[in-house]
Amino acid sequence: MAKDSYLVGLIGSGIGPSLSPALHEREADRQGLRYLYRRIDLDVLGLPPQAVGELVRAARDLGFDGLNVTHPCKQLVIEHLDALAPQAEALGAVNTVVFEPDGRAVGHNTDVTGFAASFARGLPDAPLESVVQLGAGGAGAAVAHATLTLGAERVTVVDALADRAVDLAGSLNQYFGAGRAVPADLDRLPELLAGADGLVHATPTGMAAHPGLPLPAELLRPGLWVAEVVYRPLETELVRTARASGCAVLDGGGMAVFQAVDAFRLFTGREADSGRMLADIGELGERPAGQVV
């Protein structure tokens with residue numbers, strides 16, 4: 001029989017403003033579950049990202065049912081897990097860890113399905129011939145897989161760390177076929193965006209702890225769609241500037257909700273109501289970080 005009490009957490013850096021605890025706990029309350037979701041913030045604890053393995057082991061020992069994992073630990077956590085679900089293994093990134101009854105820590109990735117569901121809902125008619133993606137980290141791997149799964153003909157991967165863009169493009173081509181992904185240097189962003197259908201932003205820039213624009217505002221233009229991964233705040237500077245520039249815009253809220261729906265299922269075996277959670281994030285996202293409960 002399914003349990004009615006759960007203890008889960010989120011490991012990451014600068015996660016104080018995260019809405020994941022509220023999203024999970026509100027939905028659990030509506031389903032009559034006792035559900036505690038705790039932040040495990042590397043910055044607050046004064047720990048480096050490499051401590052993620054110790055934190056996973058401690059959570060398992062303390063009786064946690066599972067963990068969400070976010071920046072900058074989605075790739076670092078893998079070596080500390082006992083097994084990976086096929087999608088997480090293909091991505092080389094984990095955002096959800098489930099502690100199985102036998103004690104094994106199994107890594108999953110719900111960012112892929114979360115982004116795909118959000119994109120299909122929010123930008124259903126967006127052209128996908130040529131997509132530029134800025135960011136090739138853990139979130140970048142997931143959204144690139146999702147974008148290609150949605151039917152993008154080609155994704156050009158750009159990252160401040162050129163080797164990371166090369167590595168991600170290589171893994172995407174192995175999975176989807178040669179030529180579907182191309183790495184490019186950051187200084188080529190102006191020419192790339194000039195001929196692109198859309199931009200996927202998958203870096204931490206725009207988060208409460210990393211404010212600002214990830215690219216020059218003049219590169220945004222009417223006819224270019226922009227999909228944001230950052231969801232806290234819901235209206236990042238990129239979302240606001242892109243909308244003012246005439247772009248069709250997808251904020252990061254939908255991805256946050258749909259990946260949470262999938263994580264909730266993995267943790268509890270129950271289905272969350274995505275419609276209710278979308279309403280939740282719309283309400284919660286309007287509050288200052290200190291008012292999120």
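Residues numbered from 1 in each chain as written. Predicted model: local features only at pLDDT ≥ 70, side-chain atom pairs only at ≥ 80, totals over all residues. Heavy atoms only, no water.

- As recorded in an unreviewed UniProt entry, the protein chain goes by Shikimate dehydrogenase (NADP(+)) and comes from Streptomyces sp. R39.
- The annotation that UniProt attaches to the protein chain under Function (unreviewed entry) is "Involved in the biosynthesis of the chorismate, which leads to the biosynthesis of aromatic amino acids. Catalyzes the reversible NADPH linked reduction of 3-dehydroshikimate (DHSA) to yield shikimate (SA)."
- Recorded in UniProt for the protein chain, the comment headed Catalytic activity (unreviewed entry) runs: "shikimate + NADP(+) = 3-dehydroshikimate + NADPH + H(+)". (UniProt positions renumbered as here; feature names shortened; annotations may be inferred.)

**Re helix α10 (residues 253-268)**
Side chains of residues three or four places apart in an α-helix project in the same direction, reflecting 3.6 residues per turn.
So, step 1. Between the first and last C-alpha of α10 there are 22 Å, a value that for 16 residues agrees with the 22 Å anticipated at 1.5 Å per step.
So, step 2. With 14 of 16 residues buried, α10 lies mostly within the body of the structure.
So, step 3. Just beyond α10, the residue with positive phi is Gly 269, at close to 80 degrees. (Helix = DSSP H or I, 4+ residues; strand = E, 2+ residues; numbered from the N terminus. Expected span 1.5 Å × (residues − 1). Buried < 20%, exposed > 50% of the residue type's maximum accessible area, 1.4 Å probe, protein only.)

**Side note on the pattern of salt bridges**
So, step 1. Using the criterion set out here, one finds 17 salt bridges in the structure.
So, step 2. Here Arg 30 and Asp 280 are joined by a salt bridge, their closest N and O atoms 2.7 Å apart. In this pair, Arg 30 is assigned in helix α1 (residues 20-30) and Asp 280 in helix α11 (residues 274-284), connecting sequence segments 250 residues apart.
So, step 3. In this structure Asp 280 comes out as buried when scored by relative accessible area, which is 5%.
So, step 4. It is possible to trace a salt-bridge network through shared partners that takes in Arg 26, Glu 27, Arg 30, Asp 273, Arg 276, Asp 280 and Glu 283. (Salt bridge = Lys/Arg side-chain N within 4 Å of Asp/Glu carboxyl O.)

**Looking at the layout of surface pockets**
Empty space left among the atoms is revealed by rolling a probe the size of a water molecule over them.
So, step 1. The volume enclosed by the largest pocket comes to roughly 910 Å³.
So, step 2. Thr 70, His 71, Lys 74, Ala 139 and Met 207 are the residues nearest the centre of the largest pocket, which is lined by 45 residues in total.
So, step 3. In terms of residue count, α10 provides more of the lining of the largest pocket than any other element does, three residues in total.
So, step 4. Grouping the amino acids of the lining of the largest pocket by side-chain chemistry returns 24 nonpolar, 16 polar and five charged. (1 Å grid on protein atoms, 1.4 Å probe; cavity = no way out; pocket = protein on both sides within 12 Å on 5 of 7 lines; lining within 4 Å. Points joined across faces, edges and corners; volume = space filled by probe spheres on them. Nonpolar A, V, L, I, M, F, W, Y, C, P; charged D, E, K, R; others polar.)

**Some remarks on the pairing of strand β7 (residues 130-134)**
Remember that side chains alternate between the two faces of the sheet whenever the strand is regular.
So, step 1. For β7, the tally of buried residues reaches five of five residues, placing the bulk of the element in the interior.
So, step 2. Burial of the side chains of β7 extends over both faces: Ser 130, Val 132 and Leu 134 are buried on one face and Val 131 and Gln 133 on the other.
So, step 3. Pairing of β7 with strand β8 (residues 154-158), which is carried by five bridges, proceeds in the parallel orientation. Within the sheet, the bridge partner assigned to Val 131 lies in β8 and is Val 155.
So, step 4. The β-α-β motif built from β7, the intervening helix α6 (residues 138-149) and the parallel element β8 has right-handed crossover chirality.
So, step 5. With four bridges connecting them, β7 and strand β10 (residues 198-201) associate as parallel partners. Bridge pairing in β10 links Gln 133 to Val 200. (Pairing = 2+ DSSP bridges. Right-handed = clockwise from strand over helix to strand, strands pointing away.)

**Observations regarding helix α3 (residues 52-61)**
So, step 1. Residues of α3 that are buried include every one of Val 52, Gly 53, Leu 55, Val 56 and Ala 59, and no others. Taken end-on, α3 shows its buried residues confined to a sector of 165 degrees, consistent with a single buried face.
So, step 2. At its buried positions, α3 is contacted by β1 (5-12), β2 (34-41), α2 (42-45), β3 (66-69) and β5 (96-99). (Arc of directions from axis to C-beta. Contact = heavy atoms within 4.5 Å.)

**Some remarks on the UniProt feature "active site" (unreviewed entry) in the protein chain**
So, step 1. Feature annotation in UniProt places "active site" (unreviewed entry) on Lys 74, given in this structure's numbering.
So, step 2. Mapped onto the elements, Lys 74 comes out in the loop between β3 and β4 (83-84).
So, step 3. Residue class for Lys 74 comes out buried when judged on its relative accessible area of 11%.
So, step 4. Beyond its immediate stretch of four places on either side in the chain, Lys 74 contacts Val 69, Ala 93, Val 94, Asn 95, Asp 111, Gly 138 and Ala 139.

**Structural notes on the packing of helix α5 (residues 111-122) against α10**
So, step 1. At their nearest, the axes of α5 and α10 sit 7 Å apart, and the two run at 130 degrees to each other. When the interaxial angle is binned, α5 and α10 end up oblique. Where α5 crosses over α10, the two elements pack in a sense that is right-handed. In this structure, α5 uses Asp 111, Thr 113, Gly 114, Phe 115, Ala 117, Ser 118 and Arg 121 to contact α10, whose residues at the interface are Gly 254, Met 255, Phe 258, Gln 259 and Asp 262.
So, step 2. Grouping the amino acids of the contact of α5 with α10 by side-chain chemistry returns four nonpolar, five polar and three charged. (Axes fitted to C-alpha atoms, helices over the stretch in contact; angles between N-to-C directions. Parallel < 35°, antiparallel > 145°, perpendicular 65-115°, else oblique. Left-handed = near helix turned anticlockwise from the far one by under 90°.)

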